[in-house]
Every structure is written in C-alpha cells, then in structure tokens.
Amino acid sequence: MRRPPLTAPRGTGEDDREGGPRLYVAATPLGNREDVTLRVLETLRRVPLVIAEDTRRARSLFAIYGIEGKRVESLFKGKEEVRTDDLIEKIRGAGEAVLISEAGTPVISDPGYLLVERCRREGVPVIPLPGPCAAVAALSVAGLPAEPFLFLGFSPRKPGELRHYLEGYLSLPFTLVLYESPLRIEKTLEALRELAPRRPLFLAREMTKLFEEHLSGSAEELLAALTGREIKGEITLVVGRGEKRPPRPESREELVEILLRETGLSLKRLERLLRRETPA
Ligand code: SAM
C-alpha cells in the first residue's frame, strides 16, 4: 500500500519567516502512538536537534516513527535554569530545534517554560506544534462546562497544604483541572468530599491507553468506585463549577454583615432601610 507522504504544508506567519534559528514546541502522544500530527513528524524528521525531557523516551519515539540521525539534548525539571544558556547556543548552532516532553505538550506541568521565555527574549522565534494535552483531552469529554476553566496542574502533597490550596480555588467560579497521581488521588477526593461534596467531578485515567477509564460523580461516588482497588496509571481530575447558592443568614447580625458586603451601603443607611422593611 502506498502511503501518503508525511509532509504537511508549512504553516503561516512565524513558521514562514526565512532564516535564523527557531525552536518548535511539539506535542507528542499521551499513550496512543497514532495521536501525533503530520506536522510534528515532518518537523522531527527535518530538524537536526531535539531537546527532550527524557532522552530515552525520545529515542523510543524515534524508533516508533522511523526517525533517525537526531542529536538529542536533555532538559529535565530542576535543571532548566542551568541548561538554558547552553541550549540557546545549541539551537543557534543547529539552526532549528524541537522541544518535546515525556508525553503531551511541553511546558504544561513539564519543563520548557524558561527555555521558551529566553528564546523569546533573545528574538529566537518559538513555534507551537499543537497536539495532545491531558488537561484539554479530559475537559473535552468531561461533560462539564469548559469556560471558564482553571488549570491547576499538580497540587501540594502535604494534606494540610492540599486542603488550604483546594479551598482557595474552590471559592472561584471556575471548572478546575488537576493532574493527579494514583498515590494521591484518594487524598484529593477525601478533601473534595469535605470541601465540595456537591460539585460534579470527572476522573480520566489512562486516556488513550489500553486501560482507559472515565468516572463521573461526586467525590463520595468516585471514592466508592475506587475503594478496594489498586489504582494505577495517570489521572486527570476535572472539578465542575459549584452552583452559586444565595447565602442563608442565620441571624440578623449575619444578614447585616452580608448586606454591608454586597451593597456597599453604610451601616447607618442599611439600619434605616431594615427598620423600614421589618415591622417591629
Ligand atoms: N505535558 C503533559 C500534558 O500535556 O498533559 C502533562 C505532563 S505531567 C508531568 C503528567 C500528568 O498528566 C500525569 O500525572 C497525569 O495527571 C496527566 N496525564 C498524562 N497522561 C495522561 C493520561 N493518559 N490520562 C490521564 N492523565 C494523564
């Protein structure tokens, strides 16, 4: 069978600028090897230098797609700052480079931000080659409102900090997207059961892989579904927006406090209005 050539038309704008070094930021599959764009493959084949979060994973990607003869430089978390000078020099030397992460889109809870920022500051064009991203994939199938959404990435590990952190974000009118590990998901769900028992959740595990699983429900329901199981793989959690319920003051003092906050009236004016509205 004759395959169509894997050469996509070049993009427009930044990608068409002639000459000078440039950096491509390319999304690679989360799991399913077919989730790669023609443009990513064409660019990986053409460009001499690949900057990778995980050089072994990069080489196995090259083996899958039959890509040969690449120079690979590493850029992993914690080493970004010290690697940036050297990498900028190497991008200039190579003319073109591609940044990839272990899976999905670089920079999104993955290294690359400092390198991209530095390239921009030094006038090196940075061109996105969009594709898989777990946050967007989960949001697209969650059945929860996607606008506005707030991407939180990984949450703090310590239970006290986690509770405080979630509490802050739960008070905002956003759908939240969190990256989770199988070791921590139960702690997060327990915190959500306490802080937001009525909010609808969507848990996506192992998206695009053999054991892909989707769970929808409250924190209590998700905990019930996971209890007694060995939880494995990669997890993205979407927390739907809560309904904004009108406050129900339990005393006159509480009512005054709410009205002062919401109306901006002075206490004197408010008291006068309340006296007029509430017969003795
Ligand atoms: N840069 C990646 C992206 O574009 O999504 C994310 C990298 S971050 C280090 C890895 C986290 O993404 C995992 O811990 C998990 O929370 C989420 N993730 C990655 N692959 C996933 C998958 N196949 N299914 C569900 N969540 C996934």
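See the structure above.
Let us look at the structure shown here. The model shown is predicted, which means the values in this text are computed figures rather than measured ones.

**Some remarks on the pairing of strand 6 (residues 149-154)**
In terms of strand pairing, strand 6 meets strand 7 (residues 175-180) through 5 bridges, oriented parallel. Residue pairing for strand 7: Phe151 is matched across the bridge by Val177. Each parallel crossover has a hand, and the one from strand 6 via helix 6 (residues 159-170) to strand 7 is right-handed.

**Things to note about the sheet that holds strand 2 (residues 49-52)**
Across the sheet, which stays open at both edges, the 5 strands sit in the order 3-2-4-1-5 with parallel pairing between neighbours. At either end of the open sheet lies a strand with only one pairing partner, and these are strand 3 (71-74) and strand 5 (126-129). This sheet shows a mean twist of 25 degrees between the axes of neighbouring strands, independent of strand direction. Strand direction decides the pairing type here: strand 1 (residues 22-26) and strand 4 (residues 96-100), joined by 4 bridges, are parallel. Opposite Leu23, over in strand 4, you have Ala97 as the bridge partner. Seen against the sheet, helix 1 (residues 38-46) touches strand 1, strand 2, strand 4 and strand 5 and runs at an angle of roughly 130 degrees to strand 5.

**Notes on the packing of aromatic side chains**
In the structure shown here, the tally under the stated rule is 3 aromatic pairs. Grouping aromatic residues by their ring pairs yields a cluster made of Phe151, Phe154 and Tyr179.

**Details of the pattern of salt bridges**
Enumeration over the complete set of coordinates arrives at 21 salt bridges. With a closest N to O distance of 3.0 Å, Asp86 and Lys90 form a salt bridge. With Asp86 and Lys90 both in helix 3 (residues 80-94) and 4 residues apart, the pair spans about one turn of that helix. For Asp86, a relative accessible area of 28% gives the class partly exposed. Note that Lys158 and Glu161 form a salt bridge whose closest N and O atoms lie 4.0 Å from each other.

Conventions we followed
Counting of residues starts from 1 at the beginning of each chain's written sequence and follows it residue by residue. In view of the model being predicted, local features appear only for residues whose pLDDT reaches at least 70, and side-chain atom pairs are presented and counted only at 80 or more, with totals across whole chains, interfaces and linings using the full set of residues. The basis for every side-chain value is the complete set of heavy atoms in the structure, and neither hydrogens nor water enter the calculation. The rule for pairing is simple: two strands pair if DSSP sees at least two bridges between them. Per the convention used, a helix needs a DSSP run of H or I reaching at least four residues, while a strand needs a run of E reaching at least two, with both numbered from the N terminus. When the strands point away from the viewer, a crossover counts as right-handed if the route from the first strand across the helix to the second turns clockwise. Throughout, an axis means a line fitted to C-alpha atoms (over the contacting stretch in the case of helices), and angles, computed between N-to-C directions, take values from 0 to 180 degrees. Contacts are assigned to residue pairs that have any heavy atoms within 4.5 Å of one another. The rule is short: rings of Phe, Tyr and Trp, with Trp giving its six-membered ring, pair when the centres are within 6.5 Å, and they are stacked under 30 degrees, edge-to-face over 60, tilted in between. Just to be clear on terms, a salt bridge is a Lys or Arg side-chain nitrogen sitting within 4 Å of an Asp or Glu carboxyl oxygen. Relative accessibility decides the category of a residue: with a 1.4 Å probe and only protein chains considered, values under 20% of the type maximum give buried, values over 50% give exposed, and everything between is partly exposed.

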